[in-house]
Amino acid sequence: MKLSNITSKELVFLDQDWHSKEAVFDHLIDALHKQGIIEDSKEFKEAVLERETISETGLEKGFAIPHGKSKTVKKAAFAFARLNRPITNWESIDPTNQVKYVFLLAIPEAEAGSTHLELLAELSKRLLEDQFITNITQAKNVSEFLTILDTEKAVDTETAYTRKIVAITACAAGIAHTYMAAEALEKAGKELGIQVLVEKQGANGIEDRITPEVLKGAEAVIFATDITAKDKHRFKGLPFIQRRVAEPLRSGKEMIETVLTNPDGHVKADDDASVPNDEGKSSFFSQIYRGILTGISYMLPVIVAGGLMIGIAQLGAAAFGLQKVIANPEFAKNSNELIVIFHYLGLYGNMIMKFIYPVFGAFLAYSIADRPGLAPGFIAGAFAGGLHYTFWGTEGGIPSGFFGVLILATVAGFTAKFLNEKIHLHKNLQAMKPMFIIPGITVLIIFLLNFYFVDPVFGQINLWLQNLIIQNKDSSAVVLSTIIACLTAFDLGGPVNKAAGAIAIGLAADNIFPLTARVLAIVIPPIGIGLATVLDKYVVRRRVFDENLRVAGTTSIFLGFIAIGEGAIPFMLQNPLITIPINMIGASLGAVTAVLLGAVQWLPLPAIWGWPLVENFWAYAIGLIVGIGFITFANIFVRYGLIKRKENKTK
């Protein structure tokens, strides 16, 4: 097939007066929509803009290849624009690049193996050919442009190689940079007289797989990836470097020389896919941040599953006019089988929720140390979730929550990584290292750290917070409402939240102070931050949350209405410095507003079915709207501001 088969004359625009990246995107996306390539222009533009935040799509010599991968793309295709005046602020691999020639690639979310994707990959590689670029820039009309696309690629003459290295390339979308990086490495190798064999891990799956036969004689391996590379263990013992996928386009020769003379290290037998994506060796904080993102992605299904089970149980109980089916063991023997099922389904959901932190901790540590960190990270998360108190029969134990899991799982990851790198055994004893020595030493360190530092510190913090509420119980309604709301929203179901709940319920039971602030502060944060993931594209006209958090946001809204704050935990884990203060301010604003307007709730029923029991519900609703609104818009504008600041720094 020909390259012209993945475009058309209606998708080619020559000599246009479009003066900004935004204008180029709008015109080309509109053309793709009119030709039936994409179904939803807004959704596809969001995918393109999201890709722009990952790495440069500008190349050199005036070219750029923006692209978006989305379910709204019906088939792979591209649109092209040649501009009369260059766009000078397009982020490019070459800092001096001024973009005049734009190929906008539309990539289906799932179309592995299609001929159209193969042609799109071929186009990406052709953009590195000098003659192809020259012909494109000089095309006199659309027909000539389409003819140039189908001009056969010049066949390279045989080159005699004396050395060989291998490489893996992979980008987020799986098309443009994946293939361009591969082509750039092969071209650089040819100029140096070194054969470079590249495996592409892209939208079409794995292409040109590096088999044991291909690997024979290879001196080193280059990982040019922005996403997880697969089967890294194949390269055991080889020197390697890890770079971003765009790096070969700017310094292919330097990368080849570096991997042969000054590599980042040697691939170990138990290394897996979690190699760093930064240039050179990752910094301490970048490894932690990447670990947090990895942990969140694996934790999300646990939150969704647990919340769904609890939600079904609570909704089922509400249908029978019951409120405490989950907690009350009497319902386990109820004559109505449905009530028994709802009781155990609720317990099942609570049990699943106990594994939020173990799963998060396991994959945070795994991201840092690969497989040796998996088991210690899981155990670290179990400590943070308070599972040890359950198994040890300790009454009143205070879990360390998300602060605990961040500390313990990070230590687990770096400890396992250190031991894996520093312990060297005879080849006959190698199996002892990953199966015995590393997990044994690491979990012992985790136990001591938790026993002497994490549990005591957070226990004291929790005790201090309890005393804070008690000491202020006779304060004004505004002061006490603010304290209770802030502490309830602080860690979303964690130990601080539970301490605030215990004291607040006690004050209500003694008729000292109602639970209005408490129940509002439970539902405001998860609904508010979830709503932010839905409204961001309408408020600031772009997505400010990544795909994982958008999924978490939808779940968070649902869980918020049934009074489960844990749905918002992924946001807190990824960026606590933004999320925690906004949650606390929003919850306290909503609570104080409702209390001052006269809302009163004495019963511990924060879920939506408890709202009819509120005195002066209109005041309660206004407080709810104020709190949710603040959290929603504060999250959108703060995150949008950070994105724009980052973009401005790159200009």
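Just above sits the structure.
In this report, the structure presented in the accompanying data block is examined. (Residues numbered from 1 in each chain as written. Predicted model: local features only at pLDDT ≥ 70, side-chain atom pairs only at ≥ 80, totals over all residues. Heavy atoms only, no water.)

1. Some thoughts on the sheet that holds strand 8 (residues 205-207)
Going by this rule: A pair of strands is labelled paired if DSSP reports no fewer than 2 bridges between them. Think of it this way: any DSSP run of H or I at least four residues long counts as a helix, any run of E at least two long counts as a strand, and we number them from the N terminus. For this analysis, residues touch if any pair of their heavy atoms sits within 4.5 Å. Interaxial angle, 0 to 180 degrees, is taken between N-to-C directions of lines fitted to C-alpha atoms, where a helix line uses only the stretch in contact.
Pairing is mixed in the open sheet, where six strands are placed in the order 8-7-6-9-10-11. Looking at which strands have only one partner, the edges of the open sheet turn out to be strand 8 and strand 11 (265-266). Helix-sheet contacts for helix 8 (residues 247-261) involve strand 6 (163-170), strand 7 (194-202), strand 9 (221-225) and strand 10 (239-243), and the interaxial angle to strand 10 is about 160°.

2. A word on unusual backbone geometry
For residues besides glycine, phi is generally negative; the peptide bonds are generally trans as well. Short version of the rule: In this scheme, a residue with accessible area under 20% of its type's maximum is buried, one over 50% is exposed, and one in between is partly exposed, where area comes from a 1.4 Å probe on protein chains only.
The phi dihedral of aspartate 370 falls on the positive side, at around 65°, and the residue is not glycine. One can find aspartate 370 in the loop between helix 11 (356-369) and helix 12 (374-384). For aspartate 370, a relative accessible area of 8% translates into the label buried. With phi around 65°, alanine 563 is a residue other than glycine that occupies positive phi space. For alanine 563, the location among the structural elements is in the loop between helix 19 (547-561) and helix 20 (569-574).

3. Quick word on the environment of glutamine 460
Mapped onto the secondary structure, glutamine 460 falls in helix 15 (residues 432-471). For the pair glutamine 460 and methionine 353, spaced 107 residues apart in sequence, the C-alpha separation works out to 25 Å.

4. Some thoughts on the side chain of threonine 57
What counts, and what does not: N or O atoms closer than or at 3.5 Å make up a polar contact, with two conditions inside protein: a donor-capable atom paired with an acceptor-capable one, and, for residues adjacent in sequence, both atoms drawn from side chains.
Structurally, threonine 57 is set in the loop between helix 2 (41-52) and strand 2 (63-64). At 3.1 Å, the side chain of threonine 57 forms a polar contact with the side chain of tryptophan 90. Here threonine 57 is in contact with Arg51, Glu52, Ala64, Ile65, Pro66, His67, Trp90, Glu91 and His177, once residues within four sequence places are set aside.

5. Observations concerning the nonpolar core
The condition that has to hold: What is meant by a nonpolar core is a set of buried Ala, Val, Leu, Ile, Met, Phe, Trp, Tyr and Cys residues, joined one to another through side-chain atoms within 4.5 Å.
Judged by nonpolar contacts, the single largest core of 93 residues is most densely connected at Ile292, Phe360, Ile469 and Leu573. Ile6, Ile65, Ala139 and Ile148 belong to the second largest nonpolar core, which has 29 residues in total.

6. Quick word on the packing of helix 15 against helix 16 (residues 477-490)
What counts, and what does not: We call two directions roughly parallel when the angle between them is under 35 degrees, roughly antiparallel when it is over 145, roughly perpendicular when it lies between 65 and 115, and oblique otherwise. Here a crossing is called left-handed whenever its near helix is offset anticlockwise from the far helix by less than a right angle, and right-handed whenever the offset is clockwise. Under the grouping applied here, Gly and all other residues not named as nonpolar or charged are polar, the nonpolar ones being Ala, Val, Leu, Ile, Met, Phe, Trp, Tyr, Cys and Pro and the charged ones Asp, Glu, Lys and Arg.
The N-to-C vectors of helix 15 and helix 16 enclose an angle of 160°; their axes lie 9 Å apart at closest approach. Put simply, helix 15 runs roughly antiparallel to helix 16. Viewed along their axes, helix 15 and helix 16 form a crossing whose handedness is left-handed. Each of Leu465, Leu468 and Ile469 in helix 15 lies in contact with helix 16, whose residues at this interface are Leu480, Ile483, Ile484 and Leu487. When grouped by side-chain class, the residues that make up the contact of helix 15 with helix 16 number seven nonpolar, no polar and no charged.

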